[in-house]
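# Geometric and topological summary
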Amino acid sequence: MIFDSLEELAEGGVPVFFPDTCILLDILRSPRRENVDAAAILAATAIRNAVVQDGTVGCVVPEQVRLELAENLPKVRDDTDSALRKLVTEMKRIDAWSVALGQPSQTVVDHFRAGVPTAEQIMSDIVQASLSHATTPDITNRGFTRMMQKRTPAKLGKDSTKDCVVVESYLEVAGSLRALGHTSDIVFASSNVSDFVSGAPKKLNTDISTEFNALGVRYGRALHEAKHLLNL
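This text gives an overview of the structure that appears in the document.

What counts as what
Residues numbered from 1 in each chain as written. Predicted model: local features only at pLDDT ≥ 70, side-chain atom pairs only at ≥ 80, totals over all residues. Heavy atoms only, no water. Patch = residues over 30% accessible without salt bridge, like charges linked within 9 Å, V, L, I, M, F, W, Y side chains within 5 Å. Areas by Shrake-Rupley, 256 points an atom, 1.4 Å probe, with all protein chains shown as cover. Salt bridge = Lys/Arg side-chain N within 4 Å of Asp/Glu carboxyl O. Lys, Arg positive; Asp, Glu negative; His and termini not counted. Charge placed at Lys NZ, Arg CZ, Asp CG, Glu CD. Helix = DSSP H or I, 4+ residues; strand = E, 2+ residues; numbered from the N terminus. Core = buried A, V, L, I, M, F, W, Y, C linked by side-chain atoms within 4.5 Å. Buried < 20%, exposed > 50% of the residue type's maximum accessible area, 1.4 Å probe, protein only. Contact = heavy atoms within 4.5 Å. Polar contact = N/O pair within 3.5 Å; in protein donor to acceptor, adjacent residues only side chain to side chain. Pairing = 2+ DSSP bridges.

### Some thoughts on a negative patch on the surface
There is a patch of like negative charges on the surface, built from D4, E7, E8 and E11. Position of E11 among the secondary structure elements: in helix α1 (residues 6-12).

### Side note on the nonpolar core
One finds L9, F18, L24, V60 and L177 to be the most contacted residues of the largest nonpolar core, which totals 58 residues. Considering each element in turn, this core owes the most residues, seven residues, to helix α7 (residues 161-179). Sequence-distant contacts of L9, defined by excluding residues within four places in its chain, comprise F3, V14, V16, G58, V60, L131, L177 and H182.

### Digging into unusual backbone geometry
Put simply, T152 and P153 share a cis peptide bond, and its omega is 15°. You can see P153 is positioned in the loop between α6 (137-148) and α7. That bond from A200 to P201 is cis: its omega, 0°, falls within 30 degrees of zero. Mapped onto the fold, P201 is located in the loop between β4 (197-198) and β5 (203-204). Phi is positive for K150, close to 55°, though the residue is something other than glycine.

### Considering the side chain of S130
Within the secondary structure, S130 is located in the loop between α5 (115-128) and α6. Within polar-contact distance, the side chain of S130 engages the backbone oxygen of I126 at 2.5 Å. When near neighbours in sequence (up to four residues on either side) are disregarded, S130 contacts M1, V51, C59, V60, V61 and R66.

### Examining the sheet that holds strand β2 (residues 58-59)
Pairing in this open sheet of four strands is parallel, and the strands run β2-β1-β3-β6 from one edge to the other. Of all the strands in the sheet, the pair left with one neighbour each is β2 and β6 (217-220). Of the pairings in the sheet, the one linking strand β1 (residues 16-19) to strand β3 (residues 186-189) comprises four bridges and is parallel in character. By the bridge assignment for β3, V16 is matched with I186.

By themselves these figures say nothing about function.
Put into structure tokens, the structure is as follows:
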């Protein structure tokens, strides 16, 4: 870990990355999903290198996000491996069909599944090199109030308590960084776009936009967008 405290992070004067659980898990999700491609992995790798190796970007991953990662990581890993295993099996079957019709085999796909642990390591590196932030009773209360008031990312008919705790955690960290004199960009990233943006054209919901603007927090909807906002 390059930065050992918020004080060091503020003194470092570097941009700061605030990832939610979903954007971190996107690094490991199946590439059969349309939003998972080479650009996403290259962006994640650039962020990892900046956080872990270069110290040109700081990162905070609060306690609530860490708990959600521990809970959801095994399923996402298994889903990605299963999707790739099925793809490899299908492509080999089609290749055999093509060979039976007289075409030479050109299919080499066994390496696809080898990418799963590599992708997971990129995500783990970011988390392990990041500062944490405890979920205090005050944050929990603010998160619950936020949900009851249906403020972003809360929605009618959905238990958004955990999502609201994540947002309240990051608002608290952003406030602390600014109070410590940090002036560089802070980027909150979540690919749960439907929870954060609305309208036509799509833009960040007014309530959370006001809160973010007051603290100089910018919003990224995907890994490549977060990379751009972090000036990487």
